[in-house]
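Working through the structure, step by step
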Amino acid sequence: MDIHQRQRMYEEENFVLGHLRHKNIKKKISIYLHPPDNDIHISRVLLNGGSWEDNNLLKSVEAMSQNPDAIFIDIGAHVGVYSLTLASLGYKVIAIDCFKDNIERLCASAKLGNLSKNMYIIHNALSDRKETVVVRESSPSNIGGNTIVQKSSLT
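About the thresholds
Counting starts from 1 at the beginning of each chain's written sequence and moves along it residue by residue. A pLDDT threshold of at least 70 governs which residues receive local features in this predicted model, and a stricter bar of 80 or more applies before side-chain atom pairs are shown or counted, although totals over entire chains, interfaces and linings include all residues. Excluded from the side-chain calculation are hydrogens and water; included are all heavy atoms of the structure. Helix and strand definitions here come from DSSP, where helices need a minimum of 4 consecutive H or I residues and strands a minimum of 2 consecutive E residues; each element is numbered from the N-terminal end. Only heavy atoms matter for contacts: two residues are in contact if any of them lie within 4.5 Å across the pair. Should DSSP find at least two bridges between two strands, the strands are taken to pair. In this analysis, axes come from line fits to C-alpha atoms, helices being fitted only over the stretch in contact, and the angle between any two N-to-C directions falls in the range 0 to 180 degrees. Roughly parallel here means an angle under 35 degrees, roughly antiparallel means over 145, roughly perpendicular means 65 to 115, and every remaining angle is called oblique. Helix crossings get a hand from a simple test, with the near helix turned counterclockwise from the far one by less than a right angle marking a left-handed crossing and a clockwise turn marking a right-handed one. Burial here depends on accessible area, computed with a 1.4 Å probe over protein chains only, as a share of the maximum for the residue type. Under 20% is buried, over 50% is exposed, and the range in between is partly exposed. The salt bridge definition used is simple: a Lys or Arg side-chain nitrogen within 4 Å of an Asp or Glu carboxyl oxygen. As used here, the term nonpolar core means buried Ala, Val, Leu, Ile, Met, Phe, Trp, Tyr and Cys residues forming a set that is joined through side-chain atoms within 4.5 Å.

Digging into the side chain of S83
Among the secondary structure elements, S83 is positioned in helix α4 (residues 81–88). Those residues in contact with S83 that sit more than four places away from it in its chain are D74, A77, V93, A95, L106 and M119.

Some details on the pairing of strand β2 (residues 28–33)
Each regular strand carries side chains that alternate between the two faces of the sheet. Here six bridges tie strand β1 (residues 16–21) to β2, and the two strands are oriented antiparallel to one another. Paired with R21 across the two strands is K28, which belongs to β2. Taking the residues that link successive antiparallel strands as the turn, the β1-β2 hairpin has six residues, and the phi of N24 there is positive, at about 70°.

As for the packing of helix α3 (residues 54–66) against α4
For the pair α3 and α4, the least separation of the axes is 11 Å and the interaxial angle reads 40°. Judged on the interaxial angle alone, α4 and α3 are oblique. Here α3 and α4 pass one another in a crossing that is right-handed. Contacts from N56, L57, S60, V61 and M64 of α3 reach α4 at V81, Y82, T85 and L86.

Some words on α4
Of all the eight residues making up α4, eight are buried; the element is thus mostly covered by neighbouring parts of the structure. Within the sequence span of α4, burial applies to V81, Y82, S83, L84, T85, L86, A87 and S88. At the C-terminal side of α4, G90 shows a positive phi close to 95°.

Considerations on the pattern of salt bridges
Tallying each qualifying case throughout the model produces three salt bridges. As a salt-bridge pair, D128 and R129 come within 3.1 Å of each other at their nearest N and O atoms.

Quick notes on the nonpolar core
Residues L20, I31, L46, L84, L86 and M119 are the most contacted members of the largest nonpolar core, which totals 26 residues. Residue assignment for this core shows that the elements contributing at least two residues are β2, α2 (42–49), α3, α4, β4 (92–97) and α5 (100–112). Residue contributions to this core peak at five residues, all from α4. Discounting residues that sit within four places of it in the chain, L84 has contacts with L20, I29, S30, I31, V79, L106, S109, A110, L115 and M119.

The structure is reproduced here in structure tokens:
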């Protein structure tokens, strides 16, 4: 499948192509987002301005620059703002997210940016104990607000 066929497939799946643009980071990084009406916070903000949590991201970049052999672990990676930025700068990244729609976008972004060699992407919830959990959806307009709850707490 060539890049144009892949892009058409992603568009059919409601993947919205955006670009990360951070102050003090010269790279423009491609990122697949959710439609802005489904993710009114992160995806919409990224489409309008290209950045998310700039100060925290720059602190992460600084910490990694002081420890270049470290591995950045992005727990709750969402669509991968931190993961993609750090991988594009050559750092090793482990990105973890439990939501399939986020993982699909993150994998597609890593592939598009040729960043897969720096990223290990895990589709799973992360906890300090083994238990069965379910997704609690926030609202149709706020995918980023989805949460994980214990299955037993729903009964």
